[in-house]
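A look at the structure
Listed here are the chains, written in short residue letters.
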Amino acid sequence: MKRWALFLPFGIFVLLGFLLWRALYLDPKDVPSALVDKAFPEFSLPTLMDSKNKTVADIKGQVHLVNVWGTWCISCRVEHPFLVELAKQGVRIVGINYKDDNDAALKWLDDLGNPYVFSVDDEDGILSMDLGVTGAPETFIVDATGTIRHKHQGPITAGNWGPLETIWSSLVAESQAMNKVGGQ
Amino acid sequence: MLRALCITWFMLVSLESMAIVNGHEYPFKDGTEIENTTRAQLFRELAEELRCPKCQNQNLSDSNAMIASDLRRELYKQVKAGKDGQSIVEFMVNRYGEFVLYKPKMNRMTLVLWFGPVGLALLAIMIFVVVVRSRRKRIQDNVKDDALDPQEAQRIQQLLNNTSEEKK
């Protein structure tokens, strides 16, 4: 047998070791969303504020963050102040109130501030199921044509907004460019 | 006695058209008897085969997560309405991605998953065959080397003859 062949098992060991070591730092919960680059699903749901129905047409025309939240969700409370701040900076946020009690939700918005352009009441979680939501909070970045461009699981914080902001501003620039072309 | 038998029989029949998953009862009553039984069977199968999107290693029937119970309800609704397994699986994959399938579809992404083990087994067999062959060849070569060629045999014979003659 050739001499190099003796090092083969060691080579395989190093390779496996490397793969397993890499896997230690991968997040198994980081599952790619099935909905990225697909159209935002159709819906017709009442808002929390005035019970008038909103549809997918209401989020088209401008870039939106679509944020799934509920008063029963602790991480949503963590996230909330930052959303309020984002709204002040001019980020348009639409809320999906996920399987929640209306009064509790209204009280929450009263107490903590309302960052949402509007919040729809998804009491049965039908829209959230169409969105592939597995828990709250979850946030989708939806472009002006109503296509989902990014999905973020877990709370948005000052710490992780950076890369999201990059996507956000590139989409805003994209929609402005489109408007210009459309206007001419 | 007859009555007891009858009751057991009825219970068995009704149990067949009912799926008990995660401690909940899911009765199927809307179709014919055969339809109900196959629907209950389909429901049981899919609750085993679909993975809870929130939990890493539990299927819909194992998990107590909110999303799992929502999906069980959706699954029940769709099976009860008579939808076939394939379209229900498609419904789930469209929303939650291939992650929800414990039995992944065969495509370019999952090729390694499906054929990796077979490939590795073939590789192992190949290595085994090569090693065994080369060992066998080496042993045969050694045996040949050990055998005396005619010249050697003659020389040995001569030496032996010489010693025996000297003794005389």
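Cut-offs applied
Residues numbered from 1 in each chain as written. Chains lettered and ligands numbered in written order. Predicted model: local features only at pLDDT ≥ 70, side-chain atom pairs only at ≥ 80, totals over all residues. Helix = DSSP H or I, 4+ residues; strand = E, 2+ residues; numbered from the N terminus. Rg over C-alpha atoms; globule rule 2.2 N^0.38 Å. Buried ≥ 20, exposed ≤ 12 C-beta atoms within 10 Å, placed from the backbone. Contact = placed C-beta atoms within 7 Å. Pairing = 2+ DSSP bridges. Axes fitted to C-alpha atoms, helices over the stretch in contact; angles between N-to-C directions. Core = buried A, V, L, I, M, F, W, Y, C linked by C-beta atoms within 7 Å. Domains from an automatic or database assignment. Right-handed = clockwise from strand over helix to strand, strands pointing away. Parallel < 35°, antiparallel > 145°, perpendicular 65-115°, else oblique. Left-handed = near helix turned anticlockwise from the far one by under 90°. Nonpolar A, V, L, I, M, F, W, Y, C, P; charged D, E, K, R; others polar.

So, the overall build of chain B
- A count of helices and strands for chain B gives six helices and two strands.
- Each helix and strand of chain B, ordered N terminal to C terminal, gives the series α-β-β-α-α-α-α-α.

Some thoughts on the overall build of chain A
- Tallying secondary structure elements over chain A gives five helices and seven strands in all.
- The C-alpha atoms of chain A give 21 Å as radius of gyration, which overshoots the globular expectation for 184 residues (16 Å, by more than 25%).
- Every one of the 184 residues in chain A was classed for burial, and the buried ones make up 30%.
- The contacts of chain A with a sequence gap of at least 6 include a subset with a gap of at least 24, amounting to 74%.

Overview of the sheet that holds strand 5 (residues 116–122) of chain A
Residue and element names in this part refer to chain A.
- Spatially, 5-4-3-6-7 is the arrangement adopted by the five strands of the open sheet, whose pairing is mixed. Of all the strands in the sheet, the pair left with one neighbour each is strand 5 and strand 7 (148–153). Neighbouring strand axes in the sheet, compared pairwise and without regard to direction, differ in orientation by 20° on average.
- Pairing geometry for strand 6 (residues 138–142) and strand 7, over five bridges, is antiparallel. The residue of strand 7 that forms the bridge with Ile141 is His150.

A closer look at unusual backbone geometry
- Cis geometry marks the peptide bond from Ala136(A) to Pro137(A); its omega dihedral reads -10°.
- Checked against the element boundaries, Pro137(A) lands in the loop between helix 4 (126–130) and strand 6.
- Despite not being glycine, Ser51(A) shows a phi value in the positive range, around 60°.
- Tracing the backbone shows Ser51(A) in the loop between strand 1 (44–46) and strand 2 (53–55).
- According to the C-beta neighbour criterion, Ser51(A) is exposed, with 10 such atoms within 10 Å.
- Positive phi is not limited to glycine here, since Asn22(B) has a value of about 55°.
- Among the secondary structure elements, Asn22(B) is positioned in the loop between strand 1 (18–21) and strand 2 (24–27).

Comments concerning the nonpolar core
- By size, the foremost hydrophobic cluster in this structure holds 51 residues, and its most contacted members are Val142(A), Phe43(B), Ala47(B), Leu60(B) and Leu75(B).
- Here the element with the most residues in this core is helix 3 (residues 66–80) of chain B; it accounts for six residues.
- Sequence-distant contacts of Leu75(B), that is, excluding residues within four places in its chain, are made with Phe43(B), Leu46(B), Ala47(B), Leu60(B) and Ile88(B).

Structural notes on the domain arrangement of chain B
- Taken domain by domain, chain B holds domain 1 (2–100) and domain 2 (111–167).
- A separation of 63 Å is found between the C-alpha centroids of domain 1 of chain B and domain 2 of chain B.

Focus on the pairing of strand 5 of chain A
Residue and element names in this part refer to chain A.
- Of all seven residues in strand 5, five are buried, a share of seventy percent or more.
- Relative to strand 5, strand 4 (residues 93–98) runs parallel, the two being bridged by six bridges. In the strand pairing of strand 5, Ile93 is matched with Tyr116.
- Crossover strand 4 to strand 5 through helix 3 (residues 102–112) is right-handed.

Describing the packing of helix 2 (residues 33–49) of chain B against helix 3 of chain B
All names here are of chain B.
- Relative to each other, helix 2 and helix 3 sit at 150°, their axes nearing to 10 Å. For the element pair helix 2 / helix 3, the angle class is roughly antiparallel. In this structure, helix 2 crosses over helix 3, and the sense of that crossing is right-handed. Judged by residue contacts, Arg39, Leu42, Phe43, Leu46 and Ala47 of helix 2 engage Arg72, Leu75, Tyr76, Val79 and Lys80 from helix 3.
- The residue makeup of the contact of helix 2 with helix 3, split by class, is seven nonpolar, no polar and three charged.

What about the environment of Asp121(A)?
Residue and element names in this part refer to chain A.
- Along the polypeptide, Asp121 turns up in strand 5.
- The exposure class assigned to Asp121 is buried, which follows from the 22 C-beta atoms found within 10 Å.
- A sequence separation of 32 residues divides Asp121 from Gln153, and the C-alpha atoms of the two residues are 20 Å apart.
- Excluding anything up to four places from it in sequence, Asp121 contacts Leu45, Pro46, Thr47, Leu48, Asn97 and Asn102.

Things to note about the pairing of strand 4 of chain A
All names here are of chain A.
- Counting buried residues along strand 4, five of its six residues qualify, which places the element largely inside the surrounding structure.
- In this sheet, strand 4 lies alongside strand 3 (residues 64–69) in parallel orientation, the contact comprising five bridges. What sits directly across from Trp69, in strand 4, is Asn97.
- Handedness of the strand 3-helix 2 (residues 74–88)-strand 4 crossover: right-handed.

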